[in-house]
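Read off the chains here:
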Amino acid sequence: MRARYLKELERDMDRELMRQCRLIYSCTAVALKRSYNWEKRGILKLLDLTEEIWKECGSTILKSLVQMLDEETGVEIQRGDGKSWRDLVYLNAEQAVGYMTKEKWTYMRVQQKKWVAPQVTAGILLALHRKCGFDSDRIAETYARILEVEEEVGYKEDRAIDLCRRETMVNIAEEGRL
């Protein structure tokens, strides 16, 4: 029973990650098109660069994407409740407590799900900084534009994908990135 619950918890996290990636990547593409007149090729290149950042972060447990973004740019992304990555053991290795019981691990995974969107966004913004030279002001401006598009589509994945396809000619779900 317990093993099945843990597997379902992991599947749920994977579904949320994919949903947020499709939503946020689509909204980012629209924001970049509207704000900087980015074309399809540049948008797809950014997605590839973002994947490189994800792989780098995934190769270690020492830093989260939100931590990396904050430390490199001074831009801190939160999830709207005022909590910082600095306060959370699953986003800040300096808070690590060692071995966790199954109950603590389950609680941590449930809480991590709430940070999927900030992590996805941080990966994109970090790619814009490292690979495209965006400074902290431009990152903050771009982040605000992404949030505006997310609000415009009502945080709905299908609406974001459709808007992205119409405005940028990029279909996030079909470009082989997700």
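Structure first, text after, so check above.
Structure report, in brief.

Another aspect to go through is the overall build of the chain. Assigned secondary structure in the chain consists of 7 helices and 0 strands. Reading the chain from its N terminus to its C terminus gives the helix and strand order α-α-α-α-α-α-α. Look at the contacts in the chain between residues 6 or more apart in sequence, and 72% of them connect residues 24 or more apart. Carbon together with sulfur atoms contributes 50% to the accessible area of the chain, which is approximately 9,800 Å² in total.

With that settled, consider the nonpolar core. Soluble globular proteins tend to bury their nonpolar side chains together. Within the largest apolar cluster, 45 residues are counted, with the highest numbers of intra-cluster contacts made by Trp38 and Leu125. Elements with a minimum of two residues in this core: helix 1 (2-36), helix 2 (40-58), helix 3 (65-73), helix 5 (116-132), helix 6 (136-152) and helix 7 (157-168). With 11 residues, the top contributor of residues to this core is helix 1. Residues in contact with tryptophan 38, not counting those within four places in the same chain, are Leu32, Lys33, Ile43, Leu46, Leu128, Cys132 and Phe134.

The next point concerns the packing of aromatic side chains. If you walk through the whole model with that rule in mind, you get 2 aromatic pairs. With a centroid separation of 6.4 Å and an interplanar angle of 85°, the aromatic rings of tryptophan 38 and phenylalanine 134 are classed as edge-to-face. Taken together, the residues span a long stretch of sequence, with tryptophan 38 in the loop between helix 1 and helix 2 and phenylalanine 134 in the loop between helix 5 and helix 6 at a distance of 96 residues. Since its relative accessible area comes to 2%, phenylalanine 134 is described here as buried. By way of ring pairs, the aromatic residues Tyr36, Trp38 and Phe134 are connected into one cluster. Across the ring face of tyrosine 36, the terminal group of arginine 138 is positioned such that the distance to the ring centre comes to 4.4 Å. Here the guanidinium or amino end of arginine 138 rests over the ring plane of phenylalanine 134, the centre of that ring lying 4.0 Å away.

This paragraph deals with the environment of leucine 125. Of note, leucine 125 is situated in helix 5. Taking relative accessible area as the criterion, leucine 125 reaches 0% and is therefore assigned buried. Considering only alpha carbons, one finds leucine 125 and arginine 138, 13 residues apart in sequence, at a separation of 9.7 Å.

Thresholds, definitions, all that
- Residues numbered from 1 in each chain as written.
- Predicted model: local features only at pLDDT ≥ 70, side-chain atom pairs only at ≥ 80, totals over all residues.
- Heavy atoms only, no water.
- Helix = DSSP H or I, 4+ residues; strand = E, 2+ residues; numbered from the N terminus.
- Contact = heavy atoms within 4.5 Å.
- Areas by Shrake-Rupley, 256 points an atom, 1.4 Å probe, with all protein chains shown as cover.
- Core = buried A, V, L, I, M, F, W, Y, C linked by side-chain atoms within 4.5 Å.
- Buried < 20%, exposed > 50% of the residue type's maximum accessible area, 1.4 Å probe, protein only.
- Phe/Tyr/Trp six-rings, centres within 6.5 Å; stacked < 30°, edge-to-face > 60°.
- Lys NZ or Arg CZ within 6 Å of the ring centre and 35° of its normal.

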